[in-house]
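So the chains spell out like this:
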Amino acid sequence: HKVFISDESAGEFVEMKEGVKIKGFKIVDKNLGEIGVVEDVEEYPAQDCIVVKKEGLEKTCLIPYVDAIVLHVDYEKKIVETDVPVGLV
């Protein structure tokens with residue numbers, strides 16, 4: 001049987017993946033400013049990647065979800081602070 005519960009209640013039973021927690025957050029880079037919004041986090045063998053819908057464009061880009069690039073996640077302001085290498089986005 002399937003059971004449906006709210007996200008708030010799910011935390012008591014299931015640990016949510018980090019990617020689920022940051023969907024909809026803004027990506028703000030320390031050099032580029034606001035890049036876009038997190039659409040999803042995809043799992044790859046080497047590392048997870050953040051799927052970002054770029055502001056004003058129909059395309060998306062992938063940002064590796066690694067400590068060297070993702071500097072801080074502010075859950076209150078819903079912002080992911082990054083230091084994206086030149087040419088990646």
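To keep things clear, this report deals only with the structure shown in the data block. (Residues numbered from 1 in each chain as written. Predicted model: local features only at pLDDT ≥ 70, side-chain atom pairs only at ≥ 80, totals over all residues. Heavy atoms only, no water.)

**Topic: the pairing of strand S5 (residues 70-74)**
In the case of a regular strand, side chains alternate between the two sheet surfaces. Here S5 runs beside strand S6 (residues 79-82); their pairing, made up of four bridges, is antiparallel. Bridging from a neighbouring strand, Val73 pairs with Val80 of S6. Counted along the chain from S5 to the antiparallel partner S6, the turn is four residues long, and its residue Lys78 has a positive phi close to 60°. (Pairing = 2+ DSSP bridges. Helix = DSSP H or I, 4+ residues; strand = E, 2+ residues; numbered from the N terminus.)

**Observations regarding the sheet that holds strand S2 (residues 33-42)**
If you trace the six strands from one edge of the open sheet to the other, you get S4-S3-S2-S1-S6-S5, paired in mixed fashion. Of all the strands in the sheet, the pair left with one neighbour each is strand S4 (60-64) and S5. Neighbour-to-neighbour, the strand axes of this sheet turn through a mean angle of 35°, independent of strand direction. Examined bridge by bridge, strand S3 (residues 49-54) and S4 share five bridges and lie antiparallel to one another. Considered in S4, the bridge of Ile50 is made with Ile63. (Axes fitted to C-alpha atoms, helices over the stretch in contact; angles between N-to-C directions.)

**Side note on the pairing of S3**
Here S3 lies mainly inside the structure; five of its six residues are buried. Where S2 meets S3, six bridges bridge the pair, whose relative direction is antiparallel. Bridge assignment links Asp40 to a residue of S3, and that residue is Val51. What sits between S2 and S3 in their antiparallel hairpin is a turn of six residues. (Buried < 20%, exposed > 50% of the residue type's maximum accessible area, 1.4 Å probe, protein only.)

**Concerning the packing of aromatic side chains**
Applying the stated criterion across every chain, the model contains one aromatic pair. Measuring from centroid to centroid gives 6.0 Å for Phe25 and Tyr75, while their planes differ by 75°, and the two rings are edge-to-face. A residue pair is termed long-range when its members are at least 10 positions apart, and Phe25 in the loop between helix H2 (18-22) and strand S1 (26-29) and Tyr75 in the loop between S5 and S6 qualify at 50 residues. (Phe/Tyr/Trp six-rings, centres within 6.5 Å; stacked < 30°, edge-to-face > 60°.)

**Examining the side chain of Asp29**
Along the polypeptide, Asp29 turns up in strand S1. Despite being buried, Asp29 has no salt bridge partner; Lys30 is the closest side chain of opposite charge, sitting 7.9 Å away. A polar atom in the side chain of Asp29 sits 2.9 Å from the backbone nitrogen of Asn31. Here the side chain of Asp29 touches Thr82 through a polar contact of 3.0 Å, side chain to side chain. Those residues in contact with Asp29 that lie beyond four places of it in its chain are Ile35, Thr82, Asp83 and Val84. (Lys, Arg positive; Asp, Glu negative; His and termini not counted. Salt bridge = Lys/Arg side-chain N within 4 Å of Asp/Glu carboxyl O. Polar contact = N/O pair within 3.5 Å; in protein donor to acceptor, adjacent residues only side chain to side chain. Contact = heavy atoms within 4.5 Å.)

**Here we look at the pattern of salt bridges**
Overall, the coordinates contain three salt bridges when judged by the stated rule. Of the charged contacts in the structure, one is a salt bridge between Lys23 and Asp40, with a shortest N-O distance of 3.6 Å. Here Asp40 lies in strand S2 and Lys23 lies in the loop between H2 and S1, a separation of 17 residues in the sequence. Of the residues examined, Asp40 reaches a relative accessible area of 29% and is grouped as partly exposed. Its salt-bridge partner being Lys30, residue Asp83 comes within 3.6 Å of it at the nearest N-O pair. With a gap of 53 residues between them, Asp83 in the segment after S6 and Lys30 in the loop between S1 and S2 connect regions that are remote in the sequence. Taking the relative accessible area as the measure of exposure, Asp83 reaches 25% and is therefore partly exposed. According to the relative accessible area criterion, Lys30 is exposed, its value standing at 57%.

Any functional reading would require information that these geometric values do not contain.
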